Amino acid sequence: MEQQELIPHLFRTEFRKITAVLCKLFGIEHIEIAEDIASETFLSALQSWTYKGLPENPTAWLYAVAKNKARNYITRHKFFIEKIVSHLKYSTPATDDMEIDLSEKNIADSQLQMLFAICHPAISTEAQIGLSLRILCGFGIDEIANAFLANKETINKRLYRAREKLRIEKVPIEFPGDAEINRRLETVLTTLYLLFNEGYYSESQDSVMRNDLCLEAMRLTYLLIENEQTNQPSVNALFSLMCFHASRFKARKNENGEIILYQDQDESLWDHELISKGGYFLHQASQGNKLSKYHIEASIAYWHTIKADTKEKWDNILQLFNQLLQIEYSPIAALNRTYALSKVYGKAVAITEAEKLNLTGNHFYFTLLGELYKNIDNTKAKMNFEKAILLAKTQTDIQTIQKKIEQF
Amino acid sequence: MEEFILIMRHQDGTKIASPEQMQIWMKQTMDWVGSIAAQNKFISGTGLPFADAMVVRPNNIVTNGPFGEIKETIGGFMTVKAESIEEAVEFAKGCPVLQGEGNSVEVRKIAKQDGVH
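None of the values given here were measured: they were computed from a predicted structure.

For the rest of this paragraph, the subject is the interface of chain A and chain B. With 15 residues of chain A at the contact, the number on the chain B side is 11 residues. With both chains or domains summed, chain A and chain B bury close to 1,200 Å², and 52% of this area falls on carbon and sulfur atoms. Looking at the side of chain A facing chain B, the largest losses of area belong to Gln319(A), Gln326(A) and Tyr329(A), adding up to 42% of the total buried there. At the junction of chain A and chain B, the tally comes to 1 salt bridge. A salt bridge links Asp315(A) to Lys27(B), with the nearest nitrogen and oxygen atoms 3.3 Å apart. The tally of links from chain A across to chain B stands at 7 residue pairs in polar contact (both at pLDDT 80 or more). Residue assignment for the side of chain A that touches chain B shows that the elements contributing at least two residues are helix H14 (311-327), helix H15 (331-345) and helix H16 (347-357) of chain A. Ranked by the residues each element gives to the side of chain A that touches chain B, the list is headed by H14(A), at 8 residues.

Here it is in structure tokens:
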């Protein structure tokens, strides 16, 4: 790999590891110091490698420099030492030979513990996602801003507030105790689920970025699977769901970035390796007796990996949506259930049910009604699509609905 | 928004129907519950198995099941959110239990802990 590609690549894979280990070492209240030292390490690499050429083992070089910088920081900041060193987890009395453990195991542990610290119930979900991207995924501010379609300043402020919150709450960087782990795991899973969705449904034109968000969410979820304590059925179910969704990456957008609806997708573009991975983890998730919403959503996603419209498929999907809605209502699940209902019992039944939903502020509601009225009452169908277009917010949605109107 | 309980009274289905018929009823019930949940009006609910049922009366008298005088007994319940008793009744009308002669769904308002009830 050429140097100009190597540094961004290493930044993506190593920044987060150095940050997590240093953060664990310094404590959550010094999260910025950890980030700064990691950033400075890469700055040094850029300067040094440009003049002296690539070192033999770039990763080891980065770790060595990061360790030095961390040690220097500690010796240079007496105030810091007095206040903080007593909290340092791995410090020996003499800070000169302080051990900064960048072993694979400590990196994985530190990242997992940081994941729990960042996904703390005290912090808003939005901030959790932003901080996860920065600290755990090594995204730059530009990239996060691009993903959220926000400007850099907004993101900087959001991250600043989140770090402040972690400081005030004195969130420890550690595994939650056995009694707490399931409850805390739920918050972590929600954040990872949203992080994945952020990528999957993002309006950002940058398709590499969107895929990266999804892959990072999958990587973090997989970290939980690799750890015995957090390898719970719901984690496997979420990972399975992500695999099934990710299998359609290539098929769901055309070269102009426009959404291709499920029924119009070229299934030869579906990634069958990911589909079978999804199946494997759904099977893993079935051990245990608690049915989470991720189990149900993964099962629904499984049935969608079978393209052919069979009675069995839609019967199952309908029953799964019936169950999902009892666990957690969401407008999109209500609409999808109604679509499944039309597949099982026909459009007339579904129209009656749809009209009970009363989601008149939601453009998907009118899109669904438009679809249901199509070929039954085309005037009504067109009218509903026209209502939908007035409510649609994003360019992609407007384009999709416009195409439907043009059919009449 | 008020809360209501729908109490279903019916015969023990396993005594009068085939497993296949039971499956059909089960699916209809799930669709009925799903329809209410899709309107964000479902709170909770469960079926009540007819096996292992006991009734306790004064003086420690314990008898098997509530069955005996009447064939229809409580087979399940569901709590829902509704604007009015009329809306709750509309939900009840869709209950598959009502396909059976003699069966019923009783609709009752749940008391608010406001000292009035």
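We are not done yet, so read on.
For the rest of this paragraph, the subject is helix H11 (residues 233-246) of chain A. Relative to the 20 Å expected for 14 residues at 1.5 Å per residue, H11(A) spans 20 Å between its end C-alpha atoms, a close match to the ideal helical length. When you tally the buried positions in H11(A), you get 14 out of 14 residues, the bulk of the element.

The next point concerns the pairing of strand E1 (residues 2-10) of chain B. Residues and elements named next belong to chain B. Looking at chain direction, E1 and strand E5 (residues 73-82) are connected through 9 bridges and run antiparallel. Bridging from a neighbouring strand, Glu2 pairs with Ala82 of E5. When E1 meets strand E6 (residues 104-109), the two strands line up antiparallel, connected through 6 bridges. Looking at the pairing, Phe4 lines up with Lys109 of E6.

Residues and elements named next belong to chain B. In a regular helix each residue adds 1.5 Å, so 20 residues correspond to 28 Å; helix H2 (residues 19-38) covers 28 Å between its end C-alpha atoms and thus fits that length. Within the span of H2, buried status applies to Asp31, Trp32, Val33, Gly34, Ser35, Ile36, Ala37 and Ala38. Looking at the residues trailing H2, positive phi occurs at Asn40, about 60°.

Conventions used here
- Residues numbered from 1 in each chain as written.
- Chains lettered and ligands numbered in written order.
- Predicted model: local features only at pLDDT ≥ 70, side-chain atom pairs only at ≥ 80, totals over all residues.
- Heavy atoms only, no water.
- Contact = heavy atoms within 4.5 Å.
- Buried area = accessible area lost by both parts, 1.4 Å probe.
- Salt bridge = Lys/Arg side-chain N within 4 Å of Asp/Glu carboxyl O.
- Polar contact = N/O pair within 3.5 Å; in protein donor to acceptor, adjacent residues only side chain to side chain.
- Helix = DSSP H or I, 4+ residues; strand = E, 2+ residues; numbered from the N terminus.
- Expected span 1.5 Å × (residues − 1).
- Buried < 20%, exposed > 50% of the residue type's maximum accessible area, 1.4 Å probe, protein only.
- Pairing = 2+ DSSP bridges.

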